[in-house]
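# Structure assessment
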Amino acid sequence: KPALEGSGKGITERSLCTNRAKLVQEVGDLLDTYEEPVLIESWLPGQEFTVAILGNGKEARCLPLVGMRWDALPLGAKPIYGYEAKWLWDTPDHPLDLFECPANVSKELTRDVRSAALGAYRVLGCRDWCRVDVRCDAAGRPMVVELNPLPGILPNPQDNSCFPKAARAAGMSYDTLIQTVADVAWRRISGRSLLKKAVDRKS
């Protein structure tokens, strides 16, 4: 997939390459089209989730997991949430019922997915909020695919914006979600300011 794009650009049914010849062809087409580096990733055949995270430090918490339902894609489609699924097949007139929130998975898998997402969030120094995409390998182990530190937050439920979807599952209205994010950021900034003032007084 293109390294510097978003919203599924450059990720299509052709992105799942089953041999080297197809891989070389697809990479060449992407380089010609986008004129930027291309990422090559190992295929993860397991379940996929997106994890909405709110908070900082030890207070960071995961909202209910959003799981992908590949059976909602057109018959024969590959289990990829790419450009076709986001922009061609999922339309206002014919919305795809692609997301399940909370995801219907075991407590153990929920724990492991949340742990992987929170670990990546903290290691990469994310602040206030983030949406983490996680997909399982053939053994069912959660692998972090990417982090979205500025997640989509479309308010209309029909738009399938995952962060508000997770917030609704947690009992939060859209207004409460936005207020919570603002409060989390304010507490982080005001706490830093208070710490700086204390240091300044001592020096």
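Check the entry above for the structure.
A brief report on the enclosed structure follows. For clarity, every value in this text was computed on a predicted model and none was experimentally measured.

It is worth spelling out the overall build of the chain at this point. Secondary structure summary: the chain contains five helices and six strands in total. Mapped in sequence order, the helices and strands of the chain form the string α-β-β-β-α-β-α-β-β-α-α. Long-range contacts, defined here as pairs at least 24 residues apart, represent 64% of the contacts in the chain between residues at least 6 apart. Total accessible area on the chain is roughly 12200 Å²; 55% of this is exposed by carbon and sulfur atoms. Placing the 27 positive and 26 negative side-chain charges of the chain at their respective mean positions leaves the two points 10 Å apart.

A general tendency of soluble globular proteins is for nonpolar side chains to be buried together. Counting 20 residues, the largest nonpolar core has L54, L63, L98, F99, F163 and L177 as the members making the most contacts within it. At the level of secondary structure, the elements contributing two or more residues to this core comprise β1 (48-54), β3 (66-68), α4 (162-169) and α5 (174-202). In terms of residue count, the dominant contributor to this core is α4 (four residues). Not counting the four nearest positions on each side in its chain, L98 is found in contact with G67, M68, R69, W70, A72, L73 and Y81. Counting residues in hydrophobic clusters, the runner-up holds 17 residues, among them F49, A60, L65 and V134.

Further remarks concern the pattern of salt bridges. A side chain of one charge can pair with a side chain of the opposite charge when the charged atoms of the two come close. Across all of its chains, the model carries 14 salt bridges by this definition. Between D128 and R188 there is a salt bridge, and its shortest N-O distance comes to 2.7 Å. Taken together, the residues D128 in the loop between α3 (107-123) and β5 (129-136) and R188 in helix α5 connect sequence positions 60 residues apart. Residues D128 and R188 agree in their burial class; the two are buried. In this structure, a network of salt bridges that share partners links the residues K1, E41 and E146.

Within the structure shown, the criterion is met by two aromatic pairs. Centroid distance W129 to F163: 5.3 Å. Interplanar angle 65°. Geometry classified as edge-to-face. Residue W129 is found in strand β5, and its partner F163 is found in helix α4; the two are separated by 34 residues along the sequence. One exposure class covers both W129 and F163, and it is buried.

On to the pairing of strand β6 (residues 142-148), then. Inspection of the sheet shows β5 paired to β6 by six bridges, in the antiparallel sense. Paired with V132 across the two strands is L147, which belongs to β6. Here β5 hands over to β6 after five residues, with G140 in that stretch at a positive phi of 85°.

Parameters and conventions
Sequence positions are assigned chain by chain, starting from 1 and proceeding in written order. Note on the predicted model: pLDDT of at least 70 is required for a residue's local features to be given, and 80 or more for side-chain atom pairs to be given and counted; whole-chain, interface and lining totals, by contrast, use all residues. Excluding hydrogens and water, the side-chain values take into account all heavy atoms of the structure. A run of DSSP states H or I qualifies as a helix once it reaches four residues; a run of E qualifies as a strand once it reaches two. Both are numbered from the N-terminal end. In this analysis, two residues are considered to be in contact whenever any of their non-hydrogen atoms come within 4.5 Å of each other. In these tables, accessible area is a Shrake-Rupley quantity obtained with a 1.4 Å probe, and a residue counts as shielded only by the protein chains included in the view. All tallies of charge rest on Lys and Arg as positive and Asp and Glu as negative; His and the ends of each chain are not included. Charged groups are reduced to one reference atom each: NZ for lysine, CZ for arginine, CG for aspartic acid, CD for glutamic acid. For our purposes a nonpolar core is just a set of buried Ala, Val, Leu, Ile, Met, Phe, Trp, Tyr and Cys residues, chained together by side-chain atoms within 4.5 Å. Note on exposure labels: buried denotes an accessible area under 20% of the residue type's maximum, exposed denotes more than 50%, and partly exposed covers the range between, all computed with a 1.4 Å probe on protein chains only. What counts as a salt bridge is simple: a side-chain nitrogen of Lys or Arg found within 4 Å of a carboxyl oxygen of Asp or Glu. Any pair of Phe, Tyr and Trp rings, taking the six-membered ring for Trp, is counted once the centres come within 6.5 Å. Such a pair is stacked with planes under 30 degrees apart, edge-to-face with planes over 60 apart, and tilted for the rest. Any two strands between which DSSP finds at least two bridges are classified as paired.

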